[in-house]
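Notes for the structure review
One letter stands for each residue in the lines below.
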Amino acid sequence: GTDGVGTKLKLAFIMDKHDTIGIDCVAMCVNDIACAGGEPLFFLDYIACGKNEPEKIATIVSGVADGCVQSDAALIGGETAEMPGFYPEDEYDLAGFAVGVVDEKDLITGKELKPGDVLIGMASSGVHSNGFSLVRKVFEMTAESLNTYYDELGTTLGEALLAPTKIYVKALKSVKAAGVKIKACSHITGGGFYENIPRMLCDGVCAVVEKDSYPVPAIFKMLAREGQIEEHAMYNTYNMGIGMMVAVDPADVDKTMDAMKAAGEQPYVVGRIEAGEKGVTLC
């Protein structure tokens with residue numbers, strides 16, 4: 001799995017807060033691996049910057065190390081490229097990749113999905129690492145704006161937006177250890193529900209998700225309101241409070257939920273699999 005953090009970095013620059021952005025980078029890579037049934041083995045990062053400030057680089061890498069601890073992956077190397085004249089002195093880009101392993105028999109493919117299977121979603125920590133170009137259009141990107149406290153968020157706008165992406169590796173491992181066969185799995189990233197959930201489906205089945213089956217975090221309500229973004233566009237861009245979704249047999253629902261809770265995640269039964277044309281319906 002390979003990925004970057006996208007324009008979420010712009011918020012880190014404005015707030016001069018660089019300690020969690022590395023977690024995002026690891027999360028985006030290892031969640032994709034976990035989604036296929038794999039266990040991450042190791043991670044390498046790539047940082048390109050306008051000026052190499054050792055303290056700042058160390059802070060960024062400390063976040064990468066945190067992400068590796070959360071996903072039981074080894075941080076075995078990386079590259080820091082100083083590129084003056086290409087990046088402004090106080091800016092950088094961060095990307096990386098992880099390699100994982102899975103026995104072929106344990107691959108999560110969606111091939112065994114059937115009508116009646118249950119969709120369980122794990123809560124996200126907020127916006128994660130997608131849709132930040134839109135976030136930056138909706139909210140004023142200044143230190144003053146980002147450091148403003150909002151009662152509805154219970155935190156400053158910047159802290160709510162910079163909250164690191166959740167890493168679901170241990171929770172999915174816990175489900176597997178409980179003896180549950182995860183039939184399909186979707187990491188809800190860019191493209192939200194409408195683009196990611198269909199990827200987990202086989203032909204002949206569709207996913208039905210009930211919007212009121214879990215609480216939508218305040219940051220998404222605020223985004224939709226301030227940006228006057230209609231509901232379909234929100235669910236087509238953001239995770240809307242669900243970062244990872246799995247499909248299991250109805251008989252395994254309790255076991256799955258217990259395993260996720262034991263790993264520290266908050267699961268919700270969010271919908272079901274039905275017969276029909278491949279796609280997702282929100283109701």
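Just above, that's the structure.
Here goes a summary of the coordinates provided. (Residues numbered from 1 in each chain as written. Predicted model: local features only at pLDDT ≥ 70, side-chain atom pairs only at ≥ 80, totals over all residues. Heavy atoms only, no water.)

Observations regarding the nonpolar core
Core analysis: the largest hydrophobic core is formed by 87 residues, its most contacted members being Leu-161 and Phe-193. Residues in contact with Leu-161, not counting those within four places in the same chain, are Lys-8, Leu-11, Val-127, Phe-132, Val-135, Phe-139, Leu-146 and Ile-219. (Core = buried A, V, L, I, M, F, W, Y, C linked by side-chain atoms within 4.5 Å. Buried < 20%, exposed > 50% of the residue type's maximum accessible area, 1.4 Å probe, protein only. Contact = heavy atoms within 4.5 Å.)

A closer look at helix α3 (residues 54–70)
Compared with the 24 Å implied by 1.5 Å per residue over 17 residues, the 24 Å span of α3 between its first and last C-alpha is a close match. Of the positions making up α3, those classed as buried are Lys-56, Ile-57, Ile-60, Gly-63, Val-64, Gly-67 and Cys-68. Down the axis of α3, the buried set is contained in an arc of 145 degrees. They therefore lie on one face. Away from the buried face of α3 by more than 90 degrees, exposed residues Pro-54, Glu-55 and Val-69 are located. In this structure, the buried residues of α3 make contact with α2 (21–35), β2 (39–49), β3 (74–82) and β4 (92–101). (Helix = DSSP H or I, 4+ residues; strand = E, 2+ residues; numbered from the N terminus. Expected span 1.5 Å × (residues − 1). Arc of directions from axis to C-beta.)

Details of the environment of Leu-9
Structurally, Leu-9 is set in helix α1 (residues 9–15). Not counting the four nearest positions on each side in its chain, Leu-9 is found in contact with Ile-21, Tyr-92, Asp-93 and Leu-94.

Structural notes on a negative patch on the surface
Taken together, the side chains of Asp-16, Glu-53, Glu-55, Glu-82, Glu-89 and Asp-90 make up a negatively charged region of the molecular surface. Tracing the sequence through the fold places Glu-55 in helix α3. (Patch = residues over 30% accessible without salt bridge, like charges linked within 9 Å, V, L, I, M, F, W, Y side chains within 5 Å. Areas by Shrake-Rupley, 256 points an atom, 1.4 Å probe, with all protein chains shown as cover. Salt bridge = Lys/Arg side-chain N within 4 Å of Asp/Glu carboxyl O. Lys, Arg positive; Asp, Glu negative; His and termini not counted. Charge placed at Lys NZ, Arg CZ, Asp CG, Glu CD.)

Brief notes about unusual backbone geometry
In this model, Gln-228 sits at a positive phi of 50 degrees, which is unusual for a non-glycine residue. Even without glycine at this site, Met-240 takes up a positive phi of about 55 degrees. Relative to the helices and strands, Met-240 is located in the loop between α10 (231–235) and β10 (242–248).

Regarding the packing of aromatic side chains
Counted under the stated rule, the structure contains 5 aromatic pairs. Measuring from ring centre to ring centre gives 6.2 Å for Tyr-214 and Tyr-268, while their planes differ by 45 degrees; the resulting arrangement is tilted. Taken as a pair, Tyr-214 in the loop between β9 (205–209) and α9 (218–227) and Tyr-268 in strand β11 (residues 267–275) lie far apart in primary sequence, 54 residues in all. Taking 5.9 Å as the distance between ring centres and 50 degrees as the angle between the ring planes, the aromatic pair formed by Phe-220 and Tyr-238 counts as tilted. Of the two residues, Phe-220 is situated in helix α9 and Tyr-238 in the loop between α10 and β10; the sequence distance between them amounts to 18 residues. Take Phe-220 and Tyr-238: they sit in the same class, and that class is buried. (Phe/Tyr/Trp six-rings, centres within 6.5 Å; stacked < 30°, edge-to-face > 60°.)

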